[in-house]
Each structure stands twice: as C-alpha cells, then as structure tokens.
Amino acid sequence: MAVSYKKLWKLLIDKDMKKSDLERQSGITHYALGQLTRGKDVSTDTLGKICATLDCSIDDIMEFIPDQEEAK
C-alpha cells in the first residue's frame, strides 16, 4: 500500500505556507521533508510534529492508496 501526502500539500497552500516554513516551524529534518515530497515513508514522530504545527490530525495530511496489483 502506498502513501499519498497530497492532502498535506493542499493544506500548506490553504495556510499560505511553504515547505521550508513547515520544516522550520515543525522542526522536521530536510531529509524528512524530501521523503514526504517523494511520497516515501516517514516516522510517526515526523508526522506528529507536522500535525502539531498545523493543528490537524493525521488523516488531514495523508492517506493510504492501494497499489495497482492489490486492486486487482
């Protein structure tokens, strides 16, 4: 199962924030931000910091997408 962070990027737009703002305000690493940008897995600690910074819940920033093979 793949992870999509499209909700996070839309939320940043709604809050008029840049990725660099999120990185600085939440204290996540540049590496973690890169992983998010590429749709890769990140730690729950990273996701928690983002949710705390944006005052949202986990389902506001990510969703699981079934792999094509799993959908068959």
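For the structure given in this document, a descriptive report is provided here.

This brings us to helix 3 (residues 30-37). Every buried residue of helix 3 is accounted for by Ala32, Leu33, Gly34, Gln35 and Leu36. Residue Gly39 follows helix 3 closely and has a positive phi angle near 75°.

Turning our attention to the packing of aromatic side chains. Across all of its chains, the model carries 0 aromatic pairs by this definition. Over the ring of Trp9 we find Lys19; its NZ or CZ atom is 4.4 Å from the centre of that ring.

For the rest of this paragraph, the subject is the side chain of Gln35. As for its position among the elements, Gln35 is in helix 3. The exposure class of Gln35 is buried, given its relative accessible area of 14%. Leave out the neighbours within four places in its chain, and Gln35 touches Lys40, Asp41 and Val42.

Take helix 4 (residues 44-54) next. Listed in full, the buried residues belonging to helix 4 are Thr46, Leu47, Ile50, Cys51 and Leu54. Axial view of helix 4: buried residues confined to an arc of 135°, hence all on one face. Residues of helix 4 that are exposed and angled more than 90 degrees away from the buried face: Thr44 and Ala52. Directly beyond the C-terminal end of helix 4, a positive phi value near 55° is found at Asp55.

So, on to the pattern of salt bridges. Overall, the coordinates contain 2 salt bridges when judged by the stated rule. Asp21 is the salt-bridge partner of Arg24, the closest N and O atoms lying 2.7 Å from each other. Taken together, the positions of Arg24 and Asp21, both in helix 2 (residues 19-26) and 3 residues apart, correspond to about one turn of that helix. Relative accessible area serves as the criterion here: at 58%, Arg24 is assigned to the exposed category. Classification of Asp21 by relative accessible area gives buried; the value is 18%. Notably, a salt bridge pairs Asp45 with Lys49, separated by 3.6 Å at the nearest N-O pair. Of this pair, Asp45 and Lys49 both sit in helix 4, 4 residues apart, roughly one helical turn. The exposure class of Asp45 is partly exposed, given its relative accessible area of 48%.

This part takes up the packing of helix 2 against helix 4. One way to put it is that helix 2 packs onto helix 4 with a least axis distance of 9 Å and a crossing angle of 100°. Taken together, the axis directions place helix 2 and helix 4 in an arrangement best described as roughly perpendicular. Between helix 2 and helix 4, the residues in contact are Leu22, Gln25 and Ser26 and Lys49, Ile50, Thr53 and Leu54, respectively. Among the residues forming the contact of helix 2 with helix 4, the class breakdown is 3 nonpolar, 3 polar and 1 charged.

Rules used throughout
- Residues numbered from 1 in each chain as written.
- Predicted model: local features only at pLDDT ≥ 70, side-chain atom pairs only at ≥ 80, totals over all residues.
- Heavy atoms only, no water.
- Buried < 20%, exposed > 50% of the residue type's maximum accessible area, 1.4 Å probe, protein only.
- Helix = DSSP H or I, 4+ residues; strand = E, 2+ residues; numbered from the N terminus.
- Phe/Tyr/Trp six-rings, centres within 6.5 Å; stacked < 30°, edge-to-face > 60°.
- Lys NZ or Arg CZ within 6 Å of the ring centre and 35° of its normal.
- Contact = heavy atoms within 4.5 Å.
- Arc of directions from axis to C-beta.
- Salt bridge = Lys/Arg side-chain N within 4 Å of Asp/Glu carboxyl O.
- Axes fitted to C-alpha atoms, helices over the stretch in contact; angles between N-to-C directions.
- Parallel < 35°, antiparallel > 145°, perpendicular 65-115°, else oblique.
- Nonpolar A, V, L, I, M, F, W, Y, C, P; charged D, E, K, R; others polar.

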